[in-house]
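Per-entry structural report
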Amino acid sequence: MSKYSVKQIEEMHLECNDPLAGMYKLSPYVWQEGNKYKMLIRAVNPAPNVVQQAARIYYGESTDGIHFKMEDGPTLAPSTSSNDKDGCEDPSVLPFGNRYMVYYTGWNVTNREGQLMLATGRHANKLTVKGVAIASKKPYLNPKEATITRLQNGRWTLFFEYANDNRSKLGRAYSSKPDGPWDIEGEFLKSRDDMWDSYHLSAGPALVNHLYQTVMFYNGSNPQAHWRIGWVEMDEHGKITARSQDPLITPPASKPGEVDIAFAASSIAVGNEIWLYYSTEDEKPFRAIISVNEE
């Protein structure tokens, strides 16, 4: 069992032009390639009209993992398809071979429905939508917030959030290939009564730490939708071996009218530490440096 502790928290700095400069920025998915850090991030127009709030996904690059130069136009934007006509949200990136696989949430505001989508491309800023990866249907309604990883036994695994019984739940699916098709196993992690994660759960980033343990930094909330970030460890077959009793990251005290949310999006193993990227208030991206110590 490992002990995870927050060593440092920094707000991310994004160099960008309008219209991105005036948008809320959340769900930063950061990964490393050589001496460069690349990122896809969700951007939302802070408009009063829900139709005008349609999310887009932008691409940026960095040399230090905290200051990013963003491209002007979105990499993924709402299309004429009913699957993502009103928003492209919450990207999760897998560099694989000579291409990128990007899972994201497509949103249809008319139907109040989300679908888990897959886009691919030889470049992370030039993607082609391939279609629906996991469709919204009972009991897995509105699948979103994908996390794709490979367990230590080699099995491709997709964690995702879905709606059931008026709650957000955390599901798991398996496939022999990283682009599916996916066989949904069911609910992976359950809520805990009288705890910080007693009501809603959502998938967060997963990786193998320097102790060769698979850890996911997941998102959980109480009935008031006060979201915090915790962790859960798995063995090589995906069986849960340990889980945080307390939140690892709690957002700053919210002001009237603000949401009380800290939500994990991506993580990178850097030596004996983990860089955890997350957002607060659904509008501000941060990086937390996490120490990993064997108990």
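Residues numbered from 1 in each chain as written. Predicted model: local features only at pLDDT ≥ 70, side-chain atom pairs only at ≥ 80, totals over all residues. Heavy atoms only, no water.

1. Focus: the environment of Leu211
Quick note on the threshold: Segments assigned H or I by DSSP are reported as helices when at least four residues long, segments assigned E as strands when at least two residues long, and all are numbered from the N terminus.
Along the polypeptide, Leu211 turns up in the loop between strand E16 (206-208) and strand E17 (214-221). For the pair Leu211 and Glu294, spaced 83 residues apart in the sequence, the C-alpha separation amounts to 7.9 Å.

2. Topic: the pattern of salt bridges
Defined as follows: In the sections that follow, a salt bridge refers to a side-chain nitrogen of Lys or Arg positioned within 4 Å of a carboxyl oxygen of Asp or Glu. Partly exposed describes any residue whose relative accessible area lies between the buried limit of under 20% and the exposed limit of over 50%, with all areas from a 1.4 Å probe on protein chains only and scaled to the type maximum.
Summed over all chains, the structure comprises 17 salt bridges. In this structure, Glu33 engages Lys38 in a salt bridge whose closest nitrogen and oxygen atoms are separated by 3.1 Å. Among the residues examined, Glu33 registers a relative accessible area of 27% and is labelled partly exposed. Residue class for Lys38 comes out buried when judged on its relative accessible area of 12%. Across the pair Lys284 and Glu281 runs a salt bridge, and its minimum N-O distance is 3.9 Å. Classification of Lys284 as partly exposed rests on a relative accessible area of 31%. Take Glu281: its relative accessible area is 13%, and that puts it in the buried class. When salt bridges that share partners are traced, they join Arg42, Glu89 and Asp90 into one network.

3. Side note on the side chain of Ser202
Counted only if it meets this: Between N or O atoms, a polar contact is any pair within 3.5 Å; within protein, one atom must be a potential hydrogen donor and the other a potential acceptor, and residues adjacent in sequence are included only when both atoms are from side chains. Only heavy atoms matter for contacts: two residues are in contact if any of them lie within 4.5 Å across the pair.
For Ser202, the position within the fold is in strand E15 (residues 200-202). Residue Ser202 is classed as buried on the basis of its relative accessible area of 0%. There is a polar contact of 2.6 Å between the side chain of Ser202 and the side chain of Glu161. Look past the residues within four positions of Ser202 in its chain and what remains in contact with it is Glu145, Glu161, Leu170, Tyr218, Asn219, Trp227 and Phe263.

4. Focus: the pairing of strand E22 (residues 284-294)
Selection rule: Paired strands, as defined in this entry, are two strands with at least two bridges between them according to DSSP.
For E22, the tally of buried residues reaches 8 of 11 residues, placing the bulk of the element in the interior. Bridge count for strand E21 (residues 273-280) against E22 is 8 bridges, and the pairing is antiparallel. Across the sheet, Thr280 pairs through a bridge with Lys284, a residue of E22. Hairpin connection from E21 to E22: 3 residues lie between these consecutive antiparallel strands, with Glu281 at a positive phi of about 60°.

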